[in-house]
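# What the coordinates show
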Amino acid sequence: MRQFLAYLSFSWLIAAGVLHFVIDVVAPFARQVRAPGVETTLYYGLHTAYGLGLVLFGCLGLLVARQAPAMFSQWPGLLLLVLAAASWLVFACVFIPYLPPRILMGLFAVLVLSMAAAR
């Protein structure tokens, strides 16, 4: 069960990162909604880094889940996952005023906590 939850949570993280990048970076850029300037650069940079971080951590988690599944049975691996989920949730709540990233990270946090609780 823990292996399935690990694959599910990291796949969800990759999907959330890709969706966040497409919705918050590619769509406004394609529609040319934002005027060029410092604020636009910061907006695209923040959302690009956020989405790329989600995708990279999700890929790393899938690699670890495939190569060393016993790592998520020990407390250091689970602690790292819980801290990552909490940090992305806090980052989404503090810096991103939209509700969808909070929902995406909330679902990841629920998946990670259910993986930690599974035996």
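Residues numbered from 1 in each chain as written. Predicted model: local features only at pLDDT ≥ 70, side-chain atom pairs only at ≥ 80, totals over all residues. Heavy atoms only, no water.

## Things to note about helix 3 (residues 75–95)
- Helix length check: helix 3, at 21 residues, gives a terminal C-alpha distance of 30 Å against a target of 30 Å (1.5 Å per residue), a fit within 8%.
- Of the residues making up helix 3, those classed as buried are Gly77, Leu78, Leu81, Ala84, Ala85, Trp88 and Ala92. One side of helix 3 holds all its buried residues, which, seen down the axis, span an arc of 125°. Projecting away from the buried face of helix 3 at angles above 90 degrees are the exposed residues Trp75, Leu83, Val90 and Val94.
- In the core, the buried residues of helix 3 are packed alongside helix 1 (2–31), helix 2 (38–67) and helix 4 (99–117). (Helix = DSSP H or I, 4+ residues; strand = E, 2+ residues; numbered from the N terminus. Expected span 1.5 Å × (residues − 1). Buried < 20%, exposed > 50% of the residue type's maximum accessible area, 1.4 Å probe, protein only. Arc of directions from axis to C-beta. Contact = heavy atoms within 4.5 Å.)

## Here's the deal with the environment of leucine 8
- For leucine 8, the location among the structural elements is in helix 1.
- On a C-alpha basis, the gap between leucine 8 and serine 87 in space is 19 Å, while along the polypeptide they are 79 residues apart.

## Re the environment of valine 112
- Mapping valine 112 onto the fold places it in helix 4.
- Under the relative-accessibility criterion, valine 112 is labelled buried at 1%.

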